[in-house]
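Here is how the chains run, residue by residue.
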Amino acid sequence: MSATRMIVLPHGTRADRDTRPAARVGRVVGSILLVAFALALLTPFFWMVMSSFKGPNEVFSVPVRWLPEVWHVDNYFALWIDTDMAIWLRNTIILSTVVTFLQVLTGSFAAYGFAKVRFPGRDVLFLLYLGTIAVPWQSYMIPQYVMMAQFKLTNTLVAMIVLQAFGAFGVFLMKQFFETIPEELSEAARLDGLGEYSIWARIMLPLAVPALGALALITFVNTWNDYLGPLLYLRDKSIWTVQLGLKNFVANNVTADYSMLFTGLTISVIPIAIIFLLGQRFFVEGIATSGLKG
Amino acid sequence: MTSAVTGRVGTPSPRRSKLRLRNTVIGWSFILPNFLGFALITLIPVVQLFFISLTDQNIFGKGDFVGIANFQKLMGDPLFQRSFVNTLYFAVLHVPLTIVVSLGLALLLNSKLRGVAFFRTAAFFPYITSIVAVGLVWNLLFSPEYGPINEVLRFFGVADPPGWLLSQDWAMPAIVIISTWRDMGYYMILFLAGLQTVSPELYEAARMDGANVFQRFWNVTLPGIRPTMFLVTVLLTIASFKIFDLIIVLSPGGTAAPNMATVVLSQFIYQRGFIESKFGYASSAAVVLFVLCIVTTVIQFLINKKRSA
């Protein structure tokens, strides 16, 4: 599979469109279906964002009110006082950044070894990486936890970093990409006296920016949204992530202030939405290339 | 195949074995930083799993060897039986539904309709949204009395709409719907990549032979995307067997609510292991999950190999 193949959406100009009646009907049906899909996909988001501007008792009203009666922008100020959102955000940003950095660094480094250096046992080792894709994390989370407890790492952010930074996913994605880079390039560099490490740093990495971007984006989004890891490992409130904090806010939401809850959810989604919109080209290519979520 | 230094074919010379050694050292030095972490947090725990499942270890430390006692107890545990059946039930609903929806979406986005770029972005939004937000929003959308979904259903004349997440029969279908909603953008991208490998000439030839749109789909598109279909089926099956986070944010009652209708294998492992601290016992269920995933994947590989032969 070619790693760099772009997903090009067909650009139909009006002129080359099929104008037969059957094709025209097909287009209309297709467009209606697309709009229906888009509505189904985006309505929950619309409801979430609108609810974040509602009054405390306005979220549930019969019949459903889609827009707030009065726009409660104050929810967005009160949230920072009523909850530890600032701390959760800080922890999540630290965690996502460090994990992304380590994953990209060690992943692309190892991928070079797998793609460009031939040595005995390499392919068996790679199969070992590949095989773990069929093994769900839930099946070995207990021994992993026991081990982390022996290292006294439970209830620390370090545990979350170690847990997520060395996945097989980064290695797999980067290897696919490196294999599309012609061998002549590194061969020429070797003749010029460059060592393997310099080839990785000075030739491979600059060429692999799209793949590195995809890996960084996917890792960041996954770490940001991770709920299970923090649920098992992070007990102290001071090291909670956004997801864990919001879930606890829900659970302890005795006053049932749902609009405030939606405010928190909206704030937690915004950074990821922005990052995704900026880098969605990488994101889509990365997933189509590797077929994996990480 | 590419390599740093291509070894010449011939009798091994001292120079060649020196090169081999050099390559091995360089290769390992690249892989080692990642491999150390990978071995520590994935490989070693996977091996340890089988040992722990044969002990009565709890949160306080080393347990005693108890043989297959955990597995015997597991077979008679009603919660385990329910979670095993529910996991299969979820997979049986979720895998085909997600394939149909995401392939349909990919076909639409592969056509010359206007605005496909926008829809591609929209389709991805659920996938990048956190599971906590997804769980909460859908929980309220599905609320039997006040939720918008039942409101719409009543508007269309459904007098007695389902209780969804609070009902015994509808809780699992509701979770399947949410899960498909969340995942379809992701699998859609995989299908889209697959669709673009099918040569346009094949469609043209089929059209010349008078094949209608359904015949073209059945005889050109489906065979053309077989590798993608295989990949999606394997990934989706594993993802279904390990379903956990969505269940846990949607059923605050845990394994009890409503009447164990949505308890699944991963949740059982979490409940017995992390809530009740029975590490050994929970590990035996984890072995079952592990074997289920591996065996299913191997079977899928064999079927795929037989078909392409």
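- An unreviewed UniProt entry annotates chain B as ABC transporter permease originating from Homoserinibacter gongjuensis.
- Taken verbatim from the UniProt record of chain B, the Sequence similarities (unreviewed entry) comment is "Belongs to the binding-protein-dependent transport system permease family."
- Turning to chain B, the UniProt record has this under Subcellular location (unreviewed entry): "Cell membrane".

- With an unreviewed UniProt entry as reference, chain A is termed Sugar ABC transporter ATP-binding protein, source organism Homoserinibacter gongjuensis.
- Per UniProt, chain A has the following entry under Sequence similarities (unreviewed entry): "Belongs to the binding-protein-dependent transport system permease family."
- Listed under Subcellular location (unreviewed entry) in UniProt, the entry text for chain A is "Cell membrane".

## Remarks on unusual backbone geometry
Residue and element names in this part refer to chain A.
Then step 1. A positive phi angle, close to 65°, is found at Asn155, a residue other than glycine.
Then step 2. When you line up the elements, Asn155 lands in the loop between helix 5 (137-150) and helix 6 (157-165).
Then step 3. On the accessibility criterion, Asn155 (25% relative accessible area) is partly exposed.

## Some remarks on helix 4 (residues 122-131) of chain A
Residues and elements named next belong to chain A.
Then step 1. If you check which residues of helix 4 are buried, you get Arg122, Leu125, Phe126 and Tyr129. End-on, the buried residues of helix 4 take up no more than an arc of 100°, which puts them together on one face. Those residues of helix 4 that are exposed and aimed more than 90 degrees away from the buried face are Val124 and Leu127.

## A look at the packing of helix 10 (residues 226-241) of chain B against helix 13 (residues 279-308) of chain B
Residues and elements named next belong to chain B.
Then step 1. Following both chains from N to C, one finds helix 10 and helix 13 inclined at 165°, their axes separated by 10 Å at the closest point. It follows that helix 10 is roughly antiparallel to helix 13 by the angle criterion. Pair helix 10 / helix 13 crosses with right-handed handedness. Where helix 10 approaches helix 13, its residues Arg226, Phe230, Thr233, Val234, Thr237, Ile238 and Phe241 are matched on the opposing element by Leu289, Leu292, Cys293, Thr296, Thr297, Gln300, Phe301, Asn304, Arg307 and Ser308.
Then step 2. Each residue belonging to the contact of helix 10 with helix 13 can be placed in one class, and the counts come to eight nonpolar, seven polar and two charged.

## Some points on the interface of chain A and chain B
When the parts come together, some accessible area is lost, and that loss is often what is quoted as the size of the interface.
Then step 1. Each partner contributes to the interface: chain A provides 106 residues, whereas chain B provides 101 residues.
Then step 2. Taken together, the links from chain A to chain B amount to zero salt bridges.
Then step 3. For the pair chain A and chain B, the interface holds eleven residue pairs in polar contact (both at pLDDT 80 or more).
Then step 4. Counting residues per element, the side of chain A that touches chain B draws most heavily on helix 1 (residues 21-51) of chain A, at 15 residues.
Then step 5. Each residue belonging to the side of chain A that touches chain B can be placed in one class, and the counts come to 74 nonpolar, 16 polar and 16 charged.

## Considerations on the UniProt feature "transmembrane region" (unreviewed entry) in chain B
Then step 1. In the numbering used here, UniProt assigns the feature "transmembrane region" (unreviewed entry) to residues 25-52, 88-109, 121-142, 229-250 and 279-303 of chain B.
Then step 2. Across residues 121-142 of chain B, helical content stands at 86% and strand content at 0%; the span's end C-alpha atoms are separated by 25 Å.

## Points about a nonpolar patch on the surface
Then step 1. A surface patch of nonpolar side chains, about 630 Å² in accessible area, is lined by Phe46(A), Trp66(A), Leu67(A), Trp71(A), Val73(A) and Phe77(A).
Then step 2. The residue Val73(A) is located in the loop between helix 1 and helix 2 (75-82) in this model.

## Some remarks on the UniProt feature "transmembrane region" (unreviewed entry) in chain A
Residues and elements named next belong to chain A.
Then step 1. The feature "transmembrane region" (unreviewed entry), as annotated in UniProt, sits at residues 28-50, 93-112, 124-142, 157-178, 199-221 and 258-278 in this numbering.
Then step 2. Counted over residues 28-50, helix gives 100% and strand 0%. Its end C-alpha atoms are 31 Å apart.
Then step 3. Secondary structure within residues 258-278 divides into 100% helix and 0% strand; the distance between the first and last C-alpha atoms comes to 30 Å.

## Brief notes about the nonpolar core
Then step 1. Ranked by internal contacts, the top residues of the largest apolar core, which has 193 residues, are Phe178(A), Tyr227(A), Tyr233(A), Leu265(A), Phe283(A), Ile287(A) and Phe124(B).
Then step 2. Looking at this core element by element, the count peaks at 16 residues for helix 7 (residues 171-195) of chain B.
Then step 3. Lining this core are residues from two domains, each supplying at least three of them: domain 1 (21-76) and domain 2 (81-290) of chain A.
Then step 4. Ignoring anything within four residues of it in the chain, the contact list for Phe124(B) reads Phe276(A), Phe283(A), Val284(A), Ile287(A), Gly185(B), Tyr186(B) and Ile189(B).

Conventions we followed
- Residues numbered from 1 in each chain as written.
- Chains lettered and ligands numbered in written order.
- Predicted model: local features only at pLDDT ≥ 70, side-chain atom pairs only at ≥ 80, totals over all residues.
- Heavy atoms only, no water.
- UniProt positions renumbered as here; feature names shortened; annotations may be inferred.
- Helix = DSSP H or I, 4+ residues; strand = E, 2+ residues; numbered from the N terminus.
- Buried < 20%, exposed > 50% of the residue type's maximum accessible area, 1.4 Å probe, protein only.
- Arc of directions from axis to C-beta.
- Axes fitted to C-alpha atoms, helices over the stretch in contact; angles between N-to-C directions.
- Parallel < 35°, antiparallel > 145°, perpendicular 65-115°, else oblique.
- Left-handed = near helix turned anticlockwise from the far one by under 90°.
- Contact = heavy atoms within 4.5 Å.
- Nonpolar A, V, L, I, M, F, W, Y, C, P; charged D, E, K, R; others polar.
- Salt bridge = Lys/Arg side-chain N within 4 Å of Asp/Glu carboxyl O.
- Polar contact = N/O pair within 3.5 Å; in protein donor to acceptor, adjacent residues only side chain to side chain.
- Patch = residues over 30% accessible without salt bridge, like charges linked within 9 Å, V, L, I, M, F, W, Y side chains within 5 Å.
- Areas by Shrake-Rupley, 256 points an atom, 1.4 Å probe, with all protein chains shown as cover.
- Core = buried A, V, L, I, M, F, W, Y, C linked by side-chain atoms within 4.5 Å.
- Domains from an automatic or database assignment.

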